[in-house]
Amino acid sequence: MRVTTPRTGEKIDPIRQFTAVAQVIRESGYLERARWFYLLLMTGLGLALLGAGAAFLLLGDSWWQLLVAATLGILFTQFAFFSHEAAHRQVLVSGPANDRIGRLVGNFLVGMSYSWWMNKHTRHHANPNQVGKDPDIAGDIIAFTDEKATNARGLLAVINKRQGWLFFPLLMLEGLNLYVQSFAWLFSRRNKVTGRFFELGLLTARFAIVFGAAFWFLPLGLAFAFLGVQIAVFGLYMGGAFAPNHIGMPIIPAGSKLDFFTKQVLTSRNIRGGFWASVLYGGLNYQVEHHLFPSMARVHLAKTRRIVREHCRTLGVAYTETSIPRAYAEVVSYLNHVGRFARDPFTCPVVGLYRRT
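Within any chain, residue numbers begin from 1 and follow the written order of that chain's sequence. In keeping with the model being predicted, local features are shown solely for residues with a pLDDT of at least 70 and side-chain atom pairs are shown and tallied solely at 80 or more, while totals for entire chains, interfaces and linings include all residues. Hydrogens and water are ignored here; the side-chain numbers use all heavy atoms of the structure.

Colleague: What am I meant to see in the overall build of the protein here?
Modeller: Helix numbers and strand numbers start at the N terminus; a helix is a DSSP run of H or I with at least 4 residues, a strand a run of E with at least 2. Per the secondary structure count, the protein includes 17 helices and two strands. Computation of the radius of gyration draws on C-alpha atoms, with the globule rule given as 2.2 Å multiplied by the number of residues to the power 0.38. Over its C-alpha trace the protein gives a radius of gyration of 22 Å, about what one expects of a compact globule, namely 21 Å for 357 residues. Along the first, second and third principal axes, the C-alpha set of the protein runs to 75 × 60 × 40 Å. Accessible area is worked out with a 1.4 Å probe on protein chains only. A residue is then buried under 20% of its type maximum, exposed over 50%, and partly exposed in between. With 357 residues in all, the protein has 48% of them scored as buried. Any two residues whose heavy atoms approach within 4.5 Å at even a single point are treated as in contact. Considering only residue pairs separated by 6 or more positions, the protein has 68% of its internal contacts joining residues 24 or more positions apart. Element-wise, carbon and sulfur atoms account for 66% of the exposed surface of the protein, whose accessible area totals about 17,900 Å². Residues scored as positive are Lys and Arg, those scored as negative are Asp and Glu, and His as well as the terminal groups of each chain are ignored. By convention, the point assigned to a charge is CZ for Arg, NZ for Lys, CD for Glu and CG for Asp. Here the protein contributes 37 positive and 20 negative side-chain charges, whose respective centroids are spaced 3 Å apart. Here the open area of atoms and residues is found with the Shrake-Rupley method and a 1.4 Å probe, where only the protein chains shown may cover a residue.

What follows is the structure in structure tokens.
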């Protein structure tokens, strides 16, 4: 099935054209659920988690436990990908059923509040890379906009000036940040949270099991090292998987209005690598297609990519796709560029101003 191509000289309406593309994709069956894929995925991840648990018990007091900790960091990230897909209604047909499985996996296995993630991620999808609307570029530590870097003070300014090079070391703390943000969200009465105490119960049980096992079976020093490695690997993998999606792509100024299709495509970056990239990134390597069709199951994204790329070529809309090394190089380069606007706290403001002009 083909998308109707506009005639020469005909004014292109992006909204109408995207509707036509969406119809083709729907009729091709790419919006159908892939239950068997997710059943196999969760079975595989569950067996891997059981294997890691068995290795933990068998190894006992051994520094080889740090390999188990790193494996858990990877597995928890893979479970986070699944919870993310459930949040987007990719796994099951029923919305409430997706929420139940996403909340269970997200809170009990990953250690992140599902409701906090949903609140934050929904706002990101509605307005990716738009100043004042996308929480992902608000950043507490990393400055994603020139204005944020310019307003940085003290230690934050020092970090921002070197944030490109510090980005990956800082990601090793991202896991801890996600845990803290989750509890802070659930404990705050200002947030309306459905199932607040259920989520708190799942998170408490999860951390009681993980921390309890570490300190019960391992010597004190090894227990701290075990937890440190697990949290660092989790944060590095999670942050590293999401970083190439939008960092370094165009920033939409506050108040600007773009049609849905153009906004989602221009601010997203795909990563080449086919099947293995999809395994590594949990389908997030097809970021353009994921943003256009957020409820699409992971297994359909590759085929949809061909249709979307051709559609972008027809409309003259830039479609960004690059290799893994190039994607991270662009992330570091962009963050370093923004960081140049951070004022050195030890430099006279007037001198700093003239240095940038």
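Colleague: Whenever I open this one, the environment of valine 131 confuses me. Can you help?
Modeller: With respect to the element layout, valine 131 can be found in the loop between helix H5 (114-126) and helix H6 (146-150). Once the C-alpha coordinates of valine 131 and proline 253 are considered, the two residues, 122 residues apart in sequence, prove to be 5.4 Å apart. Contacts of valine 131, omitting those with residues within four sequence positions, involve Ile137, Thr145, Ile251, Ile252, Pro253 and Ala254.

Colleague: Is there a simple way to think about the side chain of histidine 291 in this case?
Modeller: Mapped onto the elements of the fold, histidine 291 is located in helix H14 (residues 287-292). In protein, a polar contact means a hydrogen-donor-capable atom and an acceptor-capable atom, both N or O and within 3.5 Å, with residues adjacent in sequence counting only if both atoms are side-chain atoms; elsewhere, any N or O pair within 3.5 Å suffices. Within the structure, histidine 291 has its side chain in polar contact with the side chain of glutamine 264 (distance 2.6 Å). Those residues in contact with histidine 291, other than ones at most four positions away along the chain, are His124, His125, Pro128, His246, Phe260, Gln264 and Ser268.

Colleague: Can you help me understand the packing of helix H3 (residues 65-87) against helix H4 (residues 95-110) in this one?
Modeller: Pairs of packed helices are described in terms of their axes, by the angle between the two and the distance that separates them. As a rule, the C-alpha atoms of each element are fitted with a line to give its axis, helices using only the stretch in contact, and angles between N-to-C directions run from 0 to 180 degrees. Following both chains from N to C, one finds H3 and H4 inclined at 160°, their axes separated by 8 Å at the closest point. Relative to H4, the element H3 is oriented roughly antiparallel. Crossing handedness for the pair H3 and H4: left-handed. The residues of H4 that touch H3, namely those facing Phe76, Phe79, Ala80, Phe82, Ser83 and Ala86, are Asn98, Ile101, Gly102, Val105, Gly106, Leu109 and Val110. Partitioned by chemical class, the residues of the contact of H3 with H4 number nine nonpolar, four polar and no charged. Working rule for angles: under 35 degrees goes down as roughly parallel, over 145 as roughly antiparallel, 65 to 115 as roughly perpendicular, anything else as oblique. Take the far helix as the reference: if the near one is turned anticlockwise from it by less than a right angle, the crossing is left-handed, and if turned clockwise, right-handed. Here the nonpolar group is Ala, Val, Leu, Ile, Met, Phe, Trp, Tyr, Cys and Pro; Asp, Glu, Lys and Arg are the charged ones; every other residue, Gly included, is treated as polar.

Colleague: I keep staring at the packing of helix H11 (residues 220-246) against helix H16 (residues 324-339) and nothing clicks. Help me out?
Modeller: At a minimum axis separation of 9 Å, H11 and H16 run at an interaxial angle of 80°. Taken together, the axes of H11 and H16 are roughly perpendicular relative to one another. Along its contact with H11, which presents Gly240, Ala241, Ala243 and Pro244, the element H16 presents Ala327, Tyr328 and Val331. The class makeup of the residues in the contact of H11 with H16 is six nonpolar, one polar and no charged.

Colleague: What am I meant to see in the layout of surface pockets here?
Modeller: It is the rolling of a water-molecule-sized probe over the atoms that shows where space remains empty. In this structure, the largest pocket occupies an estimated 1,000 Å³ of space. In this analysis, the protein atoms alone were mapped onto a 1 Å grid. Cavities are point sets where a 1.4 Å probe fits without being able to get out; pockets are open sets with protein on both sides within 12 Å along at least five of seven lines; lining residues have an atom within 4 Å of a point. Taken together, 38 residues form the lining of the largest pocket, with Lys120, Asp136, Phe144, Glu174 and Asn177 sitting closest to its centre. Listed by contribution, the elements that provide at least two residues to the lining of the largest pocket are H5, helix H8 (163-171), helix H9 (174-187) and H11. Per-class residue counts for the lining of the largest pocket are 21 nonpolar, 11 polar and six charged. Counted as a void, the second largest pocket has a volume near 400 Å³. Around the second largest pocket sit 16 residues that line it, and Leu49, Leu72, Phe76, Ile209 and Val210 are the ones nearest its centre. Mapped by element, the contributors of at least two residues to the lining of the second largest pocket are helix H2 (35-59), H3, H4 and helix H10 (196-217). A class-by-class count of the residues in the lining of the second largest pocket yields 14 nonpolar, one polar and one charged. Grid points are joined across faces, edges and corners, and a volume is the space filled by probe spheres set on the points.

Colleague: Explain unusual backbone geometry here, please?
Modeller: With glycine set apart, most residues show a phi of negative sign, and most peptide bonds adopt trans. Phi is positive for arginine 89, close to 65°, though the residue is something other than glycine. Position of arginine 89 among the secondary structure elements: in the loop between H3 and H4. Judged by its relative accessible area of 25%, arginine 89 falls in the partly exposed class. Positive phi outside glycine occurs at asparagine 129, with the angle close to 60°.

Colleague: In this structure, what is going on with a nonpolar patch on the surface? I would like to understand it.
Modeller: Taken together, the side chains of Phe211, Phe215, Leu220 and Phe224 present a nonpolar region at the surface, about 390 Å² in accessible area. Counting residues per element, the ones that place at least two in the nonpolar patch are H10 and H11. Residue placement: phenylalanine 224 occurs in helix H11. The exposure class assigned to phenylalanine 224 is exposed, which follows from its relative accessible area of 52%. In this analysis, a patch consists of residues with relative accessible area above 30% that form no salt bridge, clustered at 9 Å for like charges and at 5 Å for the nonpolar side chains Val, Leu, Ile, Met, Phe, Trp and Tyr. In what follows, salt bridge is the name for a side-chain nitrogen of Lys or Arg lying within 4 Å of a carboxyl oxygen of Asp or Glu.

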